[in-house]
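# Coordinate analysis (summary)
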Amino acid sequence: MVRGRISRLSVRDVRFPTSLGGHGSDAMHTDPDYSAAYVVIETDAEDGIKGCGITFTLGKGTEVDWSREGRGAPGDSGCPQCGVGLVGQAGGKACLEVTCGHEKQMLAQGYPAYTTSCAWLGYSDDTLKQLCAQALKDGWTRFKVKVGADLQDDVRRCQIIRDMIGPEKTLMMDANQRWDVPEAVEWMSKLAKFKPLWIEEPTSPDDILGHAAISKALVPLGIGIATGEQCHNRVIFKQLLQAKALQFLQIDSCRLGSVNENLSVLLMAKKFEIPVCPHAGGVGLCELVQHLIIFDYISVSASLKNRMCEYVDHLHEHFEYPVMIQRASYMPPKDPGYSTEMKEESVKKHQYPDGEVWKKLLAAQEN
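A short tour of the structure in this document, coming up. Predicted, not measured: the structure shown is a model, and the values here were computed from it.

Conventions adopted
Residues numbered from 1 in each chain as written. Predicted model: local features only at pLDDT ≥ 70, side-chain atom pairs only at ≥ 80, totals over all residues. Heavy atoms only, no water. Helix = DSSP H or I, 4+ residues; strand = E, 2+ residues; numbered from the N terminus. Buried < 20%, exposed > 50% of the residue type's maximum accessible area, 1.4 Å probe, protein only. Contact = heavy atoms within 4.5 Å. Areas by Shrake-Rupley, 256 points an atom, 1.4 Å probe, with all protein chains shown as cover. Axes fitted to C-alpha atoms, helices over the stretch in contact; angles between N-to-C directions. Parallel < 35°, antiparallel > 145°, perpendicular 65-115°, else oblique. Left-handed = near helix turned anticlockwise from the far one by under 90°. Nonpolar A, V, L, I, M, F, W, Y, C, P; charged D, E, K, R; others polar. Pairing = 2+ DSSP bridges. Core = buried A, V, L, I, M, F, W, Y, C linked by side-chain atoms within 4.5 Å.

### Let's talk about the overall build of the protein
- When you go through the protein residue by residue, the secondary structure sums to 11 helices and 12 strands.
- Taken across its 367 residues, the protein has 52% of its residues classed as buried.
- In the protein, 73% of the contacts between residues at least 6 apart in sequence involve partners at least 24 apart.
- Per element, the accessible surface of the protein, about 16,200 Å² overall, is 50% carbon and sulfur.

### Structural notes on the packing of helix 5 (residues 181-191) against helix 6 (residues 208-218)
- Packing of helix 5 against helix 6 brings their axes to within 9 Å, and their N-to-C directions diverge by 25°. On the basis of the axis angle, helix 5 is roughly parallel to helix 6. As for the relative orientation of helix 5 and helix 6, their crossing is right-handed in sense. Contact residues: Val 181, Ala 184, Val 185 and Met 188 in helix 5; Gly 210, Ala 213, Ile 214, Ala 217 and Leu 218 in helix 6.
- In terms of residue class, the contact of helix 5 with helix 6 is built from eight nonpolar, one polar and no charged.

### Regarding the pairing of strand 4 (residues 111-115)
- Burial of strand 4 is extensive: five of the five residues sit out of reach of the surface.
- The alternating pattern of strand 4 places Tyr 111, Ala 113 and Thr 115 on one face and Pro 112 and Tyr 114 on the opposite face, and all of these are buried.
- The pairing of strand 4 with strand 12 (residues 329-331) spans two bridges and is antiparallel. Paired with Pro 112 across the two strands is Ser 329, which belongs to strand 12.
- Bridge count for strand 4 against strand 10 (residues 309-311) is three bridges, and the pairing is parallel. The residue bridging Thr 115 from the neighbouring strand is Tyr 311, located in strand 10.

### Notes on the pairing of strand 3 (residues 50-57)
- Most of strand 3 is tucked away: seven of the eight residues are buried.
- Sheet topology note: the strand 2 (residues 35-43)/strand 3 ladder contains eight bridges and is antiparallel. Of the residues in strand 3, the one forming a bridge with Tyr 38 is Ile 54.
- Hairpin connection, strand 2 to strand 3: the antiparallel pair is bridged by six residues, and Gly 48 has positive phi, about 70°.

### Regarding the nonpolar core
- Counting 84 residues, the largest nonpolar core has Val 147, Met 173, Leu 191, Ile 199, Leu 249 and Tyr 330 as the members making the most contacts within it.
- No other element matches the eight residues that helix 9 (residues 285-301) contributes to this core.
- With near-sequence residues (within four places) excluded, Leu 249 lies in contact with Thr 227, Phe 237, Leu 241, Val 265, Ala 269, Ile 274, Pro 275, Val 276, Cys 277 and Pro 278.
- The next biggest cluster of nonpolar side chains, apart from the first, holds seven residues, and it includes Met 172, Phe 248, Cys 277 and Met 308.

And the structure:
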């Protein structure tokens, strides 16, 4: 329940130059800057209640989202979540009441996660090895590697990672929509020797029948299909499920329109007995999705079988309530709200194009 009237709305273009280090690079996006249209809605309530929302982008296109949200429109051009809702930090203190065994398990053990942080396509082999070794030291047992740009490069990098993590740990692959249907089947037939649990986004995210064809072809190889991070509504997920086009369903807390839309997909996944393994990373996506996975476990699926959530270890330091990872698992947040509030200092420094960080970078580019 919202107490008070909306008194002010601000929208800011916040961009983090992740392209400088190759962070976030994949077969479709070779030099992304992880960015967001960051919306803050204030009210005239005495407790100072406000809502903070994020529209995640890769840098290009943020102006479109900024324009739409600045006019008060929620937007649906790719990342509709959180445009104008009071979903941020509410006043008052958190009150966590443990009432069942599932909640106790979450508090004690957390929700299993996998890491994508060590295997971006833009990383050198040395960087890949260094980060993979650190991830193993930190206790990670599930790893995802980006593929899809060059087959021989993929073979080399997958061999490095499989050799490092050993045969017992879980490996996933992600092509970020790079292939057509025959190409996906042929490419994955060559990578099957590395025993991937799934290939993620092998083709266009709204090609339902294409995913179904790839799924059918890869079943004999023991490779599942994971997709959904670019799906914008429950209808696409319904069709993917009906067509048996995926074995792992990936909701996205920012691209799938609203919390309610995400919840409807969780319910459909439960009906079809398909595990939900959400997409995360980006700007604040881990902070957002933690609420959805815990809700799914406690209130919908009641199972962790074949379930895990993506984790990318960057940009969390810019949030007031950053996600907590322990033993390669998401730990339940204990603060009120949707964990979307960013630190004002970070927003000011990374605001595009007049923030301190971008002034220096743009000046260097001009010179």
